[in-house]
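An overview of the molecular structure
Okay, here's what each chain looks like letter by letter:
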Amino acid sequence: MRSYMGYTLLFVSSMLLSACGGGSDSPAPVAGTPVPVSTTFTVSVDAPDGVVLAKQQGFSLIQPAYANAVKDLTDQNFAAVWLDDKGKVFDSIDITRFEAQGDGKYVLDAGTRARINAVLLVDLDGVPEFTLGESLPKGLYMTPLAAERLAISLESSLTYYALAQRVVADESWGVFSDVFESGAQGAVALALEDINKIAIDIRDTLFPKIGVQGLALIDLMNLTIVKTMTEGRLERFFTEQSATQANILAILNDGYWEISASEGNDGKGIFADKTSYDGSETTISEFSWDKSGSEDITLTELFTYLSNSTSFGSDDIRSQVLTNQGWTGLFEYLKVQFSTDRNALLTDAALTTAAEKGVTLEAKVYPLSGKKMHDFLSSRDNHYLTRYIPDDTMFSAGSSGFFFTWRPENETYLLCDTTNNKDTCRAYPILTPDAGFTSLEDIKTPLFDIGITIDQVNGFKLSDNIVAEFIGDDFFTVRYWSRIAANEWTIQDTGVWAPTTVSGKPVIRFDIPDIIKQLADDYPYNGRNLFLVEDRGFVNIGEVLLKLSEFNFSGFDNDAKAQIFAAATRDNLPPFGECAFGDTRFANEGLFLNAVTECGGDERFTTQAVNDLVDKTLVQISNDGEITAHILRNDNSWEHYRNTLEEAGSRNWSLTEEGYLKLVGDTNIEDEFDYWSLTSYEYQQKLLAIKVFSQQGQQAQISSLMAREYIPGTLAACLDGDSGWDQTTTTPMVKESLSSYNDHVQQCKQVWFGRNPVFSEGLLIGQTGNNSDDKALTFASDSSRYLKLSDNFKGEYFLGSYVDQDGCGFNFDIRWKIEEDGTLYYEAIDGSMNERIQLTDTDGLKLAIKAFNHQTRWQTDETLLYGSDEGEVWSDIVTLIDASQVPNVVPVEPPPPVEEETPPEGETPPAEGETPPAEEEPAGPPGGTILNDGQSCAYLEVPENPVP
């Protein structure tokens, strides 16, 4: 409500349409026999280039055939019908002349005046079929023949079909009953304006949520989201149009609420603004909830404006208004100057009543009790809020909605803020989009220089698919080019421009034809009355607010607002999990958007969210145990790891306007990339549920993945249940059984949504039969030790070796295998030991393990008496390396035994039966050997040449 740029205008002169070929006093058919009359209609067919013709069995990413279908329709593709007072097809309407003008425009003579219940039907794939006495058929493009210049589009078709279904359900035209019965041409034009505004609102709210590529119109009409949003928008329109006059002063005294929501790469938010007036001061309180984590919806007061005391500075300017003193900055906070029961006068905080740039405000009221909340949160400003509210939630007693109407006090020229070299509203030539026009003369094209193709046009974009070209002829002509399917441009309509002077500034006035506003994909203005002006060295585009033109907006009373936020909670979102909806091997970006919409909660990739992922590892584990990881880097490169080993390549990433994380796997191949869309996030375990669109040349597929986020260096071994080690006795401090080991493993395992980290042949072997990629494990607790694995096979086992280069070193042969549960089992060939190792976690680069070691010497030692299933439990972090990196360790062997020496001359050996001198008992295994490792090698302490 606060924004002057929010004023929507009705071009009054466009309402006074007259019918060709018939007198205005001719009775129009209602439910009886149509009166013979003929009107010439010019129709633009603007269908999305991504929709596949029904006759096509497959599709590709580019649909030139569809563009041809839009341009090359014949009279066989068109039909016209009457609807009766209950919305059923009453009769057909003769089309007596048909002319294809090319580029999606057609001229036809139909046997009717402009009527809201006369419907033009188009079947892009054949002859439109309908049945008398039945409702309109699903799957056809359509528009009411309610003006001589019409556009048939996806949004017009969805809107009018939903309207016709509403009439059939109610058996009445409802708020359009008078227009239906009288057929008065001014009323028909106003009704078409309303239908077109609903269509644009549906387009702006629905289309960002659905993809059309690969779907026929009938498929779209069958989507639940299409039906609920179109039906809900019509319910809101019918309710608002039937509202009764309200006491605006009483509403202002109590205060009313406007609710909005936003979603984009800057994040998501919900906003609630309350406006009140106590007879002296206007108060506007702003509340918001910024979705930044897992916290639930909680409105926090952001700012409160008090008209009698709040002051603003130049940094608060949001737009400008042209006055006799030049451009005056507006703060977009309104203050009530005075109010009666009937209406109120409001001005911007930057203006006074003397400026005569205010608006008058009136209100209607309607009860909300028993109506769906979703239906009244269906505007482009607040429809994102509905994801937090169950579909069937109703307003309860006492709640009311408001339908406000305001009108400019006088003609007003509004421009965006151009201070500090801001370029938001500059006009840029389509031929040189980086250099804006600098004078009004540059905008005009001499008659002899006008272009015949879009590449020759000296014009500027009004929207992505509309270009305006100003001709310097005697008729002040404006040509409007529109882009139809397959990126082809055509002159869609013409208009006029007028040079004038406003408050001493030369400007060019021009009014956008309604057909152009309908066709514009992202029309950035609310009304159709625009102007061009030179300001701060550039040509800028602004909007004209005409006196007595209306703008409508909706509001809620205190009870309705409270009920909305009592019902809105993140608990209503689908629970976290993997969503397989839309997964297919034959995909396109439209089907991907549908899958994302179906699976999405309130999570998406935003600029901040992606920045937070930089330098973190996103780990995935497949069903067969393959471990992959992605790491985004600050320079927009990214790294890919497969089974913990980095794969070389030149890669980059970016964040698209749709909130997709685009991952290019090879910067030299442009048509191969992945889109990742975040659909859900689990905050405790830092899990991301992601929909993936993989483009490989002309082939694409949609899949789902789940990844876990790891901060570098945080992977830790789970030490729970470890035995500990006694160096003095070279035995575990605590004897553990194999059964208890398995229990400890399960307690330590980080299994998330079925992703179980296990050893696999792909992880430990690589490519079978290729010894060049053999792997080895290194241990964080002892970097001198290696478990070298080979894919050489013997019997039931692979071969390998266990190597340690510390102490005396060891290098003994092992045989190993991977058991069914993903356990790595190996044993010494000589039978001296065996060990089981299981993965408990991985960050994609390293592996956390828990192991069970059994040595046969513990089992044969009469003092230890270990069983065959008893031994040591220990944990560590291991890294995979190439087996070729393992050093060739040659163990230090014990010195040979000292030979028995002959007694020196003069000494005699002990007599038989005499006890020799006692020797020292050995103190256990020699230090530094495999049985007593972790110490310096005792053998190296023996002198090489002992002194006799």
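Above this text you will find the structure in question.
Computed from a predicted structure; not experimentally measured. (Residues numbered from 1 in each chain as written. Predicted model: local features only at pLDDT ≥ 70, side-chain atom pairs only at ≥ 80, totals over all residues. Heavy atoms only, no water.)

Section: the side chain of Arg479
With respect to the helices and strands, the residue Arg479 is situated in strand β24 (residues 477–484). In terms of polar contacts, Arg479 uses its side chain to reach the backbone carbonyl oxygen of Gly451, at 2.6 Å. Side-chain polar atoms of Arg479 contact the side chain of Glu469, separated by 2.8 Å. Once residues lying within four places of it in the same chain are set aside, the contact partners of Arg479 are Ile450, Gly451, Val467, Ala468, Glu469, Ile471, Ile491, Asp493 and Thr494. (Helix = DSSP H or I, 4+ residues; strand = E, 2+ residues; numbered from the N terminus. Polar contact = N/O pair within 3.5 Å; in protein donor to acceptor, adjacent residues only side chain to side chain. Contact = heavy atoms within 4.5 Å.)

A look at the sheet that holds strand β1 (residues 39–46)
Overall, mixed pairing links the four strands, which are arranged β4-β5-β1-β8 in an open sheet. The sheet is open, and its two edges are formed by β4 (95–102) and β8 (149–153), each paired on a single side. Going from strand to strand, the sheet's axes swing by 25 degrees on average, the running direction of each strand aside. Examined bridge by bridge, β4 and strand β5 (residues 105–110) share six bridges and lie antiparallel to one another. In the strand pairing of β5, Glu99 is matched with Val107. Its contacts with the sheet put helix α2 (residues 154–170) on β1 and β8, and the angle it makes with β8 is roughly 90 degrees. (Pairing = 2+ DSSP bridges. Axes fitted to C-alpha atoms, helices over the stretch in contact; angles between N-to-C directions.)

A word on the environment of His383
Looking at where His383 falls in the secondary structure, it is placed in the loop between β18 (359–367) and β19 (400–408). Residue His383 is classed as buried on the basis of its relative accessible area of 3%. Between the C-alpha atom of His383 and that of Leu206, which follows or precedes it by 177 residues, the distance is 9.3 Å. (Buried < 20%, exposed > 50% of the residue type's maximum accessible area, 1.4 Å probe, protein only.)

Let's talk about the state of the cysteines
Evaluation of the coordinates by the stated rule reveals four disulfides. Disulfide partner of Cys718: Cys748, at an S-S distance of 2.0 Å. Around the S-S axis, the bridge from Cys718 to Cys748 shows a dihedral of about -55 degrees and counts as left-handed. Of this pair, Cys718 sits in the loop between β38 (699–710) and β39 (725–726) while Cys748 is found in helix α13 (residues 738–748), placing the two residues 30 residues apart along the sequence. Both residues of the pair, Cys718 and Cys748, belong to the buried class. The partner cysteine of Cys808 in its disulfide is Cys937, sulfur to sulfur 2.0 Å. Disulfide Cys808-Cys937: the torsion about the S-S bond is 90 degrees, which places it as right-handed. Placement of Cys808 in the loop between β44 (797–804) and β45 (810–818) and of Cys937 in the segment after β49 (870–882) is noted, with a sequence separation of 129 residues between them. With respect to class, Cys808 is no different from Cys937; both count as buried. Cysteine pairing for the protein, with bonded cysteines counted in sequence order: 1-2, 3-4, 5-6, 7-8. (Disulfide = S-S within 2.5 Å.)

Read these as layout, nothing more, since geometry by itself doesn't imply function.
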